Amino acid sequence: MRTCPWLPALALLACLATIPAAGDDGDEPMIAIAIHGGAGVISRASMTPEAERAYRADLERARDAGYAVLEKGGTSLDAVVAAVKILEDSPLFNAGKGAVFNHEGVNELDASIMDGKTAMAGAVAGVRHVKNPIELARLVMERSPHVMLAGEGAEEFALDQGIELVPGSYFYTERRWQQLEEAREAEKTASVAKEDIGFFSTVGAVARDRDGNLAAATSTGGTTNKRWGRVGDSPIIGAGTYADNASCAVSATGSGEYFIRTVVAHEICARVRLAGVDAAKAAHDVVHGTLAKIGGDGGVIVVDRSGAISMEFNTEGMFRAARDSAGRKEVAIY
Ligand code: ASP
């Protein structure tokens with residue numbers, strides 16, 4: 001960072017204006033993206049080499065699509081949408097195509113997005129015919145006076161915005177159907193309605209663009225065998241998604257009810273903003289402390305205002321990938 005020698009007031013102001021923002025090393029501003037594909041991973045023991053290759057390939061493709069947007073000078077909002085759309089279109093993840101089934105055998109999708117520059121946000125919950133819920137969440141943010149639209153109303157809004165609806169059968173995958181059958185079977189022997197173990201492979205992305213703007217996005221099918229219009233943390237701003245240029249951007253995955261009660265994404269950003277805690281430490285403390293203490297499982301991806309990425313989870317693994325302009329480039333599961 002450049003230093004300002006003693007100067008008269010006006011010259012001092014001019015000098016300060018030339019000091020790069022945090023994380024921007026000299027002339028090249030830091031760009032960074034991190035994505036996740038859920039923290040409920042297939043156990044190490046049952047992950048086949050072919051399955052692992054397929055997961056890694058899609059994570060890499062999504063991460064690089066988002067990074068390409070940033071590299072061309074695009075916004076963090078465009079980057080997170082580009083990455084999440086690829087994961088929504090992949091049958092491997094629990095979002096868009098490949099989403100889990102609810103108790104009635106229907107796919108109900110939730111998604112949200114937040115712009116760290118303006119504090120604008122958009123979300124949809126329980127939509128059944130929207131191919132890319134993250135696009136609809138963005139339209140809610142940009143073209144409606146509301147933050148969250150649910151169910152049929154959200155789909156009416158989608159039609160108004162020119163989004164083509166798809167038949168429910170588009171989301172079907174055999175693997176998710178099997179998971180529902182197993183959950184229903186297990187429920188027969190349980191004493192209370194069982195909403196399954198199944199938080200599997202929700203997707204999300206966080207990014208910092210050249211202008212220092214942060215964005216976060218999350219998309220999910222929720223939990224296998226969910227009932228009664230259940231909505232998890234993913235579309236809830238502050239719980240599953242949050243972005244604030246002054247602190248960080250967060251996308252979460254895990255047992256949604258716990259993330260809602262500990263307001264995980266906002267809690268991490270608030271610690272950074274109010275307590276001056278480093279984002280990586282805030283993420284670590286919230287995931288392994290606050291969340292774990294009440295029994296919550298899962299993880300988060302975080303990018304802070306300087307472009308530093310952290311990825312924390314308290315489960316066996318979390319499908320994840322990251323890339324930044326300082327040379328970090330990784331894909332990992334465990
Ligand atoms: N958090 C999501 C939910 O509770 C599930 C997940 O992360 O896989 O709906």
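Structure's up top.
Residues numbered from 1 in each chain as written. Predicted model: local features only at pLDDT ≥ 70, side-chain atom pairs only at ≥ 80, totals over all residues. Heavy atoms only, no water.

## Section: helix H3 (residues 76-89)
Right, so step 1: Taking 1.5 Å of rise per residue, 14 residues should cover 20 Å, and H3 covers 20 Å from first to last C-alpha, within 8% of that figure.
Right, so step 2: Here H3 lies mainly inside the structure; ten of its 14 residues are buried.
Right, so step 3: Within H3, burial applies to Ser 76, Leu 77, Ala 79, Val 80, Val 81, Ala 83, Val 84, Ile 86, Leu 87 and Glu 88.
Right, so step 4: Packed against the buried residues of H3 are strand E1 (32-36), helix H2 (49-71), strand E2 (109-115), helix H4 (133-143), strand E5 (203-208) and strand E6 (214-220). (Helix = DSSP H or I, 4+ residues; strand = E, 2+ residues; numbered from the N terminus. Expected span 1.5 Å × (residues − 1). Buried < 20%, exposed > 50% of the residue type's maximum accessible area, 1.4 Å probe, protein only. Contact = heavy atoms within 4.5 Å.)

## Structural notes on the environment of Gly 122
Right, so step 1: One can find Gly 122 in strand E3 (residues 121-127).
Right, so step 2: With a relative accessible area of 0%, Gly 122 lands in the buried category.
Right, so step 3: In sequence terms Gly 122 and Ala 111 are eleven residues apart; their C-alpha atoms lie 8.4 Å from each other.
Right, so step 4: Those residues in contact with Gly 122, other than ones at most four positions away along the chain, are Ala 111, Ser 112, Ile 113, Ala 137, Val 140, Met 141 and Val 147.

## Thoughts on the sheet that holds strand E7 (residues 241-243)
Right, so step 1: Ordered by their spatial adjacency, four strands build an open sheet running E7-E8-E9-E10, and the pairing between neighbours is antiparallel. Each end of this open sheet is capped by a strand with a single partner; those strands are E7 and strand E10 (309-313). For this sheet, the mean inter-axis angle between neighbouring strands, taken without regard to orientation, is 10°.
Right, so step 2: Examined bridge by bridge, strand E9 (residues 298-304) and E10 share five bridges and lie antiparallel to one another. Within E10, the residue paired with Val 303 across the bridge is Ile 309.
Right, so step 3: Along the sheet, helix H8 (residues 264-275) contacts E7, strand E8 (248-254) and E9; its crossing angle with E8, the most-contacted strand, is approximately 150°.
Right, so step 4: Packed onto the sheet, helix H9 (residues 279-293) meets E9 and E10 and runs at close to 10° relative to E10. (Pairing = 2+ DSSP bridges. Axes fitted to C-alpha atoms, helices over the stretch in contact; angles between N-to-C directions.)

## Examining the pattern of salt bridges
Right, so step 1: Taken as a whole and judged by the stated rule, the model has 16 salt bridges.
Right, so step 2: Note that Glu 142 is salt-bridged to Arg 138, the shortest N-O span being 3.0 Å. Taken as a pair, Glu 142 and Arg 138 lie in helix H4 at a separation of four residues, close to a single helical turn.
Right, so step 3: Overall, Arg 138 belongs to the buried group, its relative accessible area being 16%.
Right, so step 4: Linking Lys 281 and Asp 285 is a salt bridge whose minimum nitrogen-to-oxygen distance equals 2.7 Å. (Salt bridge = Lys/Arg side-chain N within 4 Å of Asp/Glu carboxyl O.)

## Re the site of the ligand
Right, so step 1: Around the ligand, the surrounding shell holds eleven residues, and the nearest of these are Thr 202, Arg 230, Asp 233, Thr 253 and Gly 254.
Right, so step 2: One nitrogen or oxygen atom from the side chain of Arg 230 is found 2.8 Å from an oxygen atom belonging to the ligand.
Right, so step 3: Its free accessible area being 270 Å², the ligand has 100% of it covered by the protein chains. (Near = heavy atom within 4 Å. Polar contact = N/O pair within 3.5 Å; in protein donor to acceptor, adjacent residues only side chain to side chain. Areas by Shrake-Rupley, 256 points an atom, 1.4 Å probe, with all protein chains shown as cover.)

## Regarding unusual backbone geometry
Right, so step 1: One non-glycine residue, Ala 119, lies in the positive phi region at around 65°.
Right, so step 2: Within the fold, Ala 119 resides in the loop between E2 and E3.
Right, so step 3: The phi dihedral of Val 263 falls on the positive side, at around 40°, and the residue is not glycine.
Right, so step 4: Structurally, Val 263 is set in the loop between helix H7 (256-261) and H8.

## Regarding H9
Right, so step 1: Compared with an ideal rise of 1.5 Å per residue, which puts 15 residues at 21 Å, H9 spans 20 Å between its outermost C-alpha atoms and is within 8% of the ideal.
Right, so step 2: The largest bend along H9 reaches roughly 35° and is located at Val 286.
Right, so step 3: As for H9, its buried residues are in contact with H7, H8, E9 and E10.
Right, so step 4: Once H9 finishes, Gly 295 follows within two positions and takes phi at roughly 95°, a positive value. (Bend = angle between axes of the 7 residues up to and from the residue.)

## Quick look at the nonpolar core
Right, so step 1: Residues Ile 33, Ile 35, Leu 59, Phe 93, Ile 113, Leu 136 and Phe 319 are the most contacted members of the largest nonpolar core, which totals 52 residues.
Right, so step 2: Here the element with the most residues in this core is H3; it accounts for eight residues.
Right, so step 3: With sequence-adjacent residues up to four places away left out, Ile 35 is seen in contact with Leu 59, Ala 62, Arg 63, Ala 83, Leu 87, Gly 204, Ala 205, Ile 301, Phe 319, Arg 320 and Ala 321.
Right, so step 4: In terms of nonpolar packing, the next biggest core, distinct from the first, is built from 35 residues, Ala 39, Val 206, Phe 259 and Val 300 among them. (Core = buried A, V, L, I, M, F, W, Y, C linked by side-chain atoms within 4.5 Å.)

## Quick word on the packing of H2 against H3
For any two helices packed against each other, one specifies the inter-axial angle together with the distance between the axes.
Right, so step 1: Relative orientation of the contacting elements H2 and H3 amounts to 160°, with a least axis distance of 8 Å. Classified by the interaxial angle, the pair formed by H2 and H3 is roughly antiparallel. Seen along the crossing, H2 lies across H3 with a hand that is right-handed. When H2 is examined against H3, the residues Asp 58, Leu 59, Arg 61, Ala 62, Ala 65, Gly 66, Val 69 and Leu 70 are found in contact with a partner set consisting of Ser 76, Asp 78, Ala 79, Ala 82, Ala 83, Ile 86 and Leu 87.
Right, so step 2: Residue composition of the contact of H2 with H3, grouped by class: ten nonpolar, two polar and three charged. (Parallel < 35°, antiparallel > 145°, perpendicular 65-115°, else oblique. Left-handed = near helix turned anticlockwise from the far one by under 90°. Nonpolar A, V, L, I, M, F, W, Y, C, P; charged D, E, K, R; others polar.)

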